[in-house]
Amino acid sequence: MKNAFLIFPILCFLSAPLWAAETADAPEEKTVQAASPCQMDDRVCVLKQIEETAEAIDNKSWHDQTLRELAKTYAFEGDTDKAISLIAKIQTPDTQAMTIRGIGMAAAGNELSQEQYDELFAKLRKAAETISHPPSYAIALTYIAMAQAFAEDDEGAWKTAADMENDALRHKAFGETAEIQAERGDFDAAMHSIEQIDSEAYRNKAYNIVAKLLADRKLFQEALNAAANITNAYKKAETMQYILDIQKPRAVERGG
């Protein structure tokens, strides 16, 4: 019995290292890393992968946003037909309108010929006509007019804006067009856009914004000429003061 008490601790001592060794030598599970089927310099391949991935997105809002950004990238890459084809896959009318805007603005920066722009904006208008939600449809037309103005297709922008039946949204379209024209320093085009606005209040707002945009670009006489058309005395004075302050900022007086 005495020997049994001696043998048991020895067996425990001998078995412990064997168990520890088995645990330490056990292989660890490794995560299998996925590899992209595309090479990074093959942007077309990556774009196709994004489109395929978008179809697996259950959330409608996320799905539509993904396709919106994809369409903008296609337009930036110069494939406007592919970009426009994605509009039909978007379920939310507002996002469809935003996609039309994104395509138009991206393409406007690509310096296409007038013929190419005419074709592009005709296709965008056709896509806009499929939007059944009236407010979103009107917004889509506003965005097309803005993109046309950005592309310096002023005649097209004025025609698109004039086609809008909702008075408020039509005024907004002409105002937005005038702002873009002012940002590029085209005083005459901006004034012509504002002249198409029937509402005096909307015209005053547009003249105010355009005058400030011109002043920011140091076109001070043009800015003052725009401000002269404001019929609201307070807004007119405020706009002219803004122009003066931009032309010659007032020094901040410090005490002491």
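Colleague: Any details on the side chain of Ser-193? Residues and values, ideally.
Modeller: With respect to the helices and strands, Ser-193 occurs in helix 10 (residues 187–195). Looking at Ser-193, the relative accessible area reads 0%, which means it is buried. A distance of 2.7 Å separates the side chain of Ser-193 from the side chain of Trp-158, its partner in a polar contact. If we skip the residues at most four places from it in the chain, Ser-193 touches Trp-158, Phe-174, Thr-177, Ala-178 and Gln-181.

Colleague: How would you sum up helix 11 (residues 200–216)? Please name residues and give values.
Modeller: A rise of 1.5 Å per residue sets the reference length of helix 11, with its 17 residues, at 24 Å; its end C-alpha atoms lie 24 Å apart and thus fit the reference within 8%. Looking at the packing, one finds that the buried side of helix 11 touches helix 9 (167–183), helix 10, helix 12 (220–227) and helix 13 (233–247). Measuring from the backbone nitrogen of Ala-201 back to the side-chain oxygen at the start of helix 11 gives 3.4 Å, which picks out Ser-199 as the cap. A positive backbone phi angle near 65 degrees is found at Lys-218, which sits one or two residues after helix 11.

Colleague: Tell me about helix 9, and name the residues and values.
Modeller: A rise of 1.5 Å per residue sets the reference length of helix 9, with its 17 residues, at 24 Å; its end C-alpha atoms lie 24 Å apart and thus fit the reference within 8%. Of all the positions in helix 9, only Arg-170, His-171, Ala-173, Phe-174, Gly-175, Glu-176, Thr-177, Ala-178, Ile-180, Gln-181 and Ala-182 are classed as buried. In the core, the buried residues of helix 9 are packed alongside helix 7 (134–150), helix 8 (154–162), helix 10 and helix 11. For helix 9, the N-terminal cap is Asn-166; the gap from its side-chain oxygen to the backbone nitrogen of Ala-168 is 3.1 Å. Gly-185 occupies a position one or two residues after helix 9 and carries a positive phi of about 85 degrees.

Colleague: Break down the nonpolar core for me, with residues and values.
Modeller: If you look at the biggest cluster of nonpolar residues, it comprises 62 residues, and the most contacted ones within it are Ile-100, Ile-103, Leu-124, Met-191, Ile-194 and Val-210. Ignoring sequence-local partners within four residues, the contact set of Met-191 consists of Tyr-207, Val-210 and Ala-226.

Rules of the game
- Once a new chain begins, its residue numbering starts again from 1 and follows that chain's sequence as written.
- At least 70 in pLDDT is required for a residue's local features to be given in this predicted model, at least 80 for side-chain atom pairs to be given and counted, and no such filter applies to totals for whole chains, interfaces and linings, which use all residues.
- Only hydrogens and water are set aside; all other atoms, that is, all heavy atoms of the structure, feed into the side-chain values.
- Put simply, DSSP H or I for four residues or longer makes a helix, DSSP E for two residues or longer makes a strand, and each gets a number counted from the N terminus.
- Buried, partly exposed and exposed residues are distinguished by accessible area as a fraction of the type maximum, computed with a 1.4 Å probe on protein chains only: under 20%, between the cut-offs, and over 50%, respectively.
- In protein, a polar contact requires one atom able to donate a hydrogen and another able to accept it; more generally it is a pair of N or O atoms within 3.5 Å, and residues adjacent in sequence count only if both atoms are side-chain atoms.
- Residue contacts are counted whenever heavy atoms from the two residues lie within 4.5 Å of one another.
- An expected span of 1.5 Å times one less than the residue number is assigned to each helix.
- We call a set of buried Ala, Val, Leu, Ile, Met, Phe, Trp, Tyr and Cys residues a nonpolar core when their side-chain atoms join them within 4.5 Å.

This is a description of form; function is not addressed.
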